[in-house]
Amino acid sequence: PWSQAVAGFVHSLSRPGKATVLGRRWKVQAPQAALANGTMAHAFELDNVRQPGAGVHPGATAFLPALAIAEEKRADGKALLTAFVAGCEVMSRIGVAAGNSLEKRGFHAPGLTGTFGGIAGSYSGGLLEFSRCQEGAMVKRLHLGKAAEGGVTAALLAQRGFAGPESVLEGKFGFLKAFSDAPLFDALTDRLGRNFETMNTCIKRFACHINAHAPIEALQKLKREHRFAPTDIEQIVVAGIEKLVTHHAIYQPKDLMMAQYSIPFCVALALCDDPREPKAFDERKIRDRKMISLSRLVRLQVDPEIEKKGWDRAARVTVRLKDGSRLSALVIHFKGTPKNPLSPAELEDKVARLTRGLISARGRARLFEAVDRLERLDRASSLTSLLRGGA
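Residues numbered from 1 in each chain as written. Predicted model: local features only at pLDDT ≥ 70, side-chain atom pairs only at ≥ 80, totals over all residues. Heavy atoms only, no water.

**With respect to the nonpolar core**
Counting residues in hydrophobic clusters, the biggest one holds 49 residues, and the most contacted among them are L219, F228, I236, V238, F281, V317 and V319. Mapped onto this core, the elements with two or more residues apiece are α9 (213-226), β5 (233-240), α11 (256-261), α12 (263-272), α13 (289-295), β6 (298-302), β7 (315-321) and β8 (326-331). Ranked by the residues each element gives to this core, the list is headed by α12, at eight residues. Excluding residues within four positions of it along the chain, V238 makes contact with P215, L244, I263, V267, V298, R299, L300, Q301, R316 and V317. By size, the runner-up hydrophobic cluster in this structure holds 19 residues, among which are A54, A70, L377 and L386. (Core = buried A, V, L, I, M, F, W, Y, C linked by side-chain atoms within 4.5 Å. Buried < 20%, exposed > 50% of the residue type's maximum accessible area, 1.4 Å probe, protein only. Helix = DSSP H or I, 4+ residues; strand = E, 2+ residues; numbered from the N terminus. Contact = heavy atoms within 4.5 Å.)

Right under this line is the structure:
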């Protein structure tokens, strides 16, 4: 519903243009396409992120704005790919340099880092209060669309000679000192041109917050090996970084976004359903008594070893069964991380699950072919033509 709302808003207000709104037959101006597409990409917790974490979602806030501009400027695939790599470097390095304090202060990090260039520093914004509110949590989906729109707007202004502060990052009142408690200025240029941030991209398998992925995988491993049923469980302890406890201990989510942000809910869902299937994350499950009961069996705590060794997004799951058995599994690099990447077949499976009924099997095959040869496409629009309604 939130994607429909933003796409409808864009369609009603924007002038016709050359940039595609995904899944639609009409086109709009590039900033508005970036707003709609960035929101939709983040709309169901399935967009990619940086690993280790730095509050960066490169697909929604780097690739999609670049795609909108590439269509508008009739750029080729190589230019699009180059722009994405450059954008990914900028936003990721800024995210790393800001450290962990962005979200500790209450900012939703990708809403801040996702716009970046000089002018775009003034577009940064997004608060984490959605994780604590009684209603209105769907605003989280908007943050990445807003960042994507801000980045495109800033780029178009810069092209017209509009200037931003050259010290927007490191200045006394610049981004890092304004938003971070302990900025790491050296991280902005550390091994620049040698280590590429695109290689740190993590692709999600499950439609939930990235911090729930290791707990889900650990639980699935235990369930597969020991074949217990949900009714056999007395308690589940999920241990990891401090953020699990401070941000994700949501036991009574009020809406689907908060449910996807809740580790107790996501763990309960993994016991009853296939979390790879987007439709498994259903609004009705929030009120399901079985799900509520299972969620209450989950306890979250900080794991000293995970914190000490800096195993970002790792989790140790311990299941205590009613017969007294105690089962434990540690997942450090869950499936989809750079050190444990998805195979081509697993990527195709994800695309098929997401586009079932929207893109034909033949259309998906053409889409994969276009992505594989992106740097050789004469026009970026060869890719977007496969992502419109009825493809």
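**Comments concerning unusual backbone geometry**
Of note, the amide linkage connecting Q51 to P52 takes the cis form, showing an omega dihedral of 5 degrees. Among the secondary structure elements, P52 is positioned in the loop between β3 (49-50) and α3 (58-72). We note that E45 has phi near 60 degrees; this positive angle belongs to a residue other than glycine. Looking at the secondary structure, you find E45 in the loop between α2 (30-41) and β3. Even without glycine at this site, R313 takes up a positive phi of about 70 degrees. Along the polypeptide, R313 turns up in the loop between α14 (304-309) and β7. On the basis of relative accessible area, R313 is assigned to the buried category, the value being 10%.

**Considerations on α3**
In this model α3 runs 20 Å from its N-terminal to its C-terminal C-alpha over 15 residues, within 8% of the 21 Å that 1.5 Å per residue would give. A large share of α3 lies buried, amounting to 14 of its 15 residues. At the exit of α3 stands R74, carrying a positive phi of roughly 55 degrees. (Expected span 1.5 Å × (residues − 1).)

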